[in-house]
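So the chains spell out like this:
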Amino acid sequence: MQYFSVTNIADILGVSIRNVETWLKNGKYQYIVESGKKLIPATELIEEQPFCEMATDNWEHEYEVKPRRPFHSIELFAGGGGLALGMEKAGFKHVLLNEFDKDACSTLRFNRPEWNVVQDDVHNISFTEYAGKVDLLTGGFPCQAFSYAGNKGGFADTRGTLFFELARAVKEIQPAVFLGENVRGLFTHDDGRTLEVIRNTIKELGYTLIEPRVLRAILYQVPQKRERLFLIAIRNDIAEQVTFSWPAPFHRIVTLRDAFFSGILYPTNVPASEGQAYPKRKKEIMDMVPMGGNWNDLPIDIQKEYLKGSYHLGGGKTGIARRLSLDEPSLTLTCAPAMKQTERCHPTETRPLNVREYARIQTFPDEWEFMGNQTAKYKQIGNAVPVNLAWAVGRSLMRLFNSLDEKGLISTPLEFDGTHRTKLGGLFEGMVCEKPEEYGKTTNIANS
């Protein structure tokens with residue numbers, strides 16, 4: 001029988017651990033205790049929708065989805081390739097990937113020499129030559145502050161943001177479908193006004209927005225508690241004739257044990273790789289933290305030494321001096337594995353996670369190599385969409401495209417041959433972003 005820990009249940013249902021503990025105390029679920037941990041059998045949880053969905057075999061069915069014919073895609077803000085690789089695994093053929101960061105572009109080119117990678121500021125690129133030739137446009141756009149000076153709350157009010165560039169590409173290409181990806185905090189950013197502007201822009205572009213959804217990576221065979229907001233929109237002329245279904249979850253939670261050792265995720269143990277190291281005193285302190293523990297597990301005098309002024313501040317501060325557990329998914333990875341407020345110490349060794357461990361937690365294949373210095377590698381991996389999450393969403397999109405093709409609702413070239421060489425022009429010639437110098441900068445609206 002399959003069992004779930006208290007932490008698993010909290011993560012899957014999106015509630016606090018305290019809530020789950022209260023439910024157990026009140027007898028809502030029966031549980032057993034094993035090695036000091038409370039474990040709840042899956043049969044106790046079957047009435048909760050996420051667990052009911054996990055109990056089905058839809059994941060295995062969706063895993064077999066294959067494209068009816070070649071479907072072509074363009075990706076903006078491609079980074080180190082997590083979203084692009086997931087879409088490729090789902091069957092999409094990339095005809096252009098745009099990224100500003102030189103190290104990320106080197107990563108994409110090294111691993112996929114056949115990909116058409118354009119290293120440039122997105123403001124400089126015209127997409128008009130791809131009109132009618134591309135099925136899908138994707139992009140994990142960085143979220144900057146939106147301007148609300150206008151009254152429309154639509155396309156005009158996104159000027160000066162990178163979502164505007166994604167919207168501009170949609171307007172020039174007119175793909176059948178486009179996907180935007182962002183942090184879950186976009187839902188509530190600026191009291192919901194940012195998302196409202198995005199909704200209005202999508203409507204103005206002539207697309208029907210599927211109700212946005214925050215997907216928890218742990219439900220899609222990813223050993224990490226990362227949450228991402230997905231926006232999927234279908235062109236109005238075809239939207240009412242098809243149905244989009246979000247991906248089904250995997251039947252269990254995968255953990256760091258699955259990531260680091262041979263098994264369900266990888267055929268071999270994690271390979272050795274470069275990584276950061278702790279200073280001498282920090283290592284001495286982190287040696288005292290048990291697997292799955294944090295600063296609360298340190299002696300009081302050591303807590304005061306390590307936290308300094310933060311010791312007297314409120315909040316749980318559970319990311320400080322945090323050692324991960326082999327038997328749980330990782331906390332959301334950041335761009336650096338040893339930040340004091342978001343520590344990600346190895347479960348059994350006293351050191352930060354190394355590069356390949358980082359990559360496995362994001363479900364990159366071991367053969368996917370990252371270019372640049374060590375800091376650049378951590379940054380590319382930490383910023384990526386987990387590959388398996390992207391793959392699951394990609395399979396849902398592929399089901400949609402297969403349906404569109406079967407009904408004869410889309411018509412794009414079966415083969416595509418072209419290398420992007422043009423600059424800003426076409427429908428947007430003469431238009432200038434208000435703050436192009438802010439490319440690559442993001443508003444701190446949420447970490448996960």
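Reading the values: rules and limits
Residues numbered from 1 in each chain as written. Predicted model: local features only at pLDDT ≥ 70, side-chain atom pairs only at ≥ 80, totals over all residues. Heavy atoms only, no water. Axes fitted to C-alpha atoms, helices over the stretch in contact; angles between N-to-C directions. Helix = DSSP H or I, 4+ residues; strand = E, 2+ residues; numbered from the N terminus. Left-handed = near helix turned anticlockwise from the far one by under 90°. Contact = heavy atoms within 4.5 Å. Nonpolar A, V, L, I, M, F, W, Y, C, P; charged D, E, K, R; others polar. Phe/Tyr/Trp six-rings, centres within 6.5 Å; stacked < 30°, edge-to-face > 60°. Buried < 20%, exposed > 50% of the residue type's maximum accessible area, 1.4 Å probe, protein only. Lys NZ or Arg CZ within 6 Å of the ring centre and 35° of its normal. Core = buried A, V, L, I, M, F, W, Y, C linked by side-chain atoms within 4.5 Å.

## Describing the packing of helix H1 (residues 6-13) against helix H2 (residues 17-25)
Here is step 1: Two elements in contact, H1 and H2, have axes whose closest approach is 8 Å; the angle formed by their N-to-C orientations is 115°. Crossing angle aside, the handedness with which H1 passes H2 is right-handed. Contacts between H1 and H2 involve Val6, Thr7, Ile9, Ala10 and Leu13 from the former and Ile17, Val20, Glu21, Trp23 and Leu24 from the latter.
Here is step 2: Broken down by class, the residue content of the contact of H1 with H2 amounts to eight nonpolar, one polar and one charged.

## Points about the packing of aromatic side chains
Here is step 1: Here the structure, examined in full by the defined rule, presents 14 aromatic pairs.
Here is step 2: For the pair Phe92 and Phe401, a centre-to-centre distance of 5.6 Å together with 80° between the ring planes defines the contact as edge-to-face. Of the two residues, Phe92 sits in strand S5 (residues 92-99) while Phe401 sits in helix H16 (residues 387-406), which places them 309 residues apart along the sequence. Note on accessibility: Phe92 and Phe401 belong to one class, buried.
Here is step 3: By way of ring pairs, the aromatic residues Trp115, Phe364, Trp368 and Phe370 are connected into one cluster.
Here is step 4: Looking at Lys89, its charged tip hangs above the ring of Trp391, at a distance of 4.1 Å from the centre.

## Observations concerning the nonpolar core
Here is step 1: Counting 56 residues, the largest nonpolar core has Phe92, Val177, Leu389, Val393, Leu397, Phe401 and Leu404 as the members making the most contacts within it.
Here is step 2: Broken down by secondary-structure element, the contributors of at least two residues to this core are H1, H2, helix H4 (49-54), helix H6 (82-90), strand S8 (177-183), strand S11 (227-235), helix H10 (236-239) and H16.
Here is step 3: The element that contributes the greatest number of residues to this core is H16, accounting for 10 residues.
Here is step 4: If we skip the residues at most four places from it in the chain, Leu404 touches Val177, Ile238, Val242, Leu409 and Ile410.
Here is step 5: Counting 33 residues, the second largest nonpolar core, distinct from the first, contains Leu76, Val118, Phe164 and Ala167.

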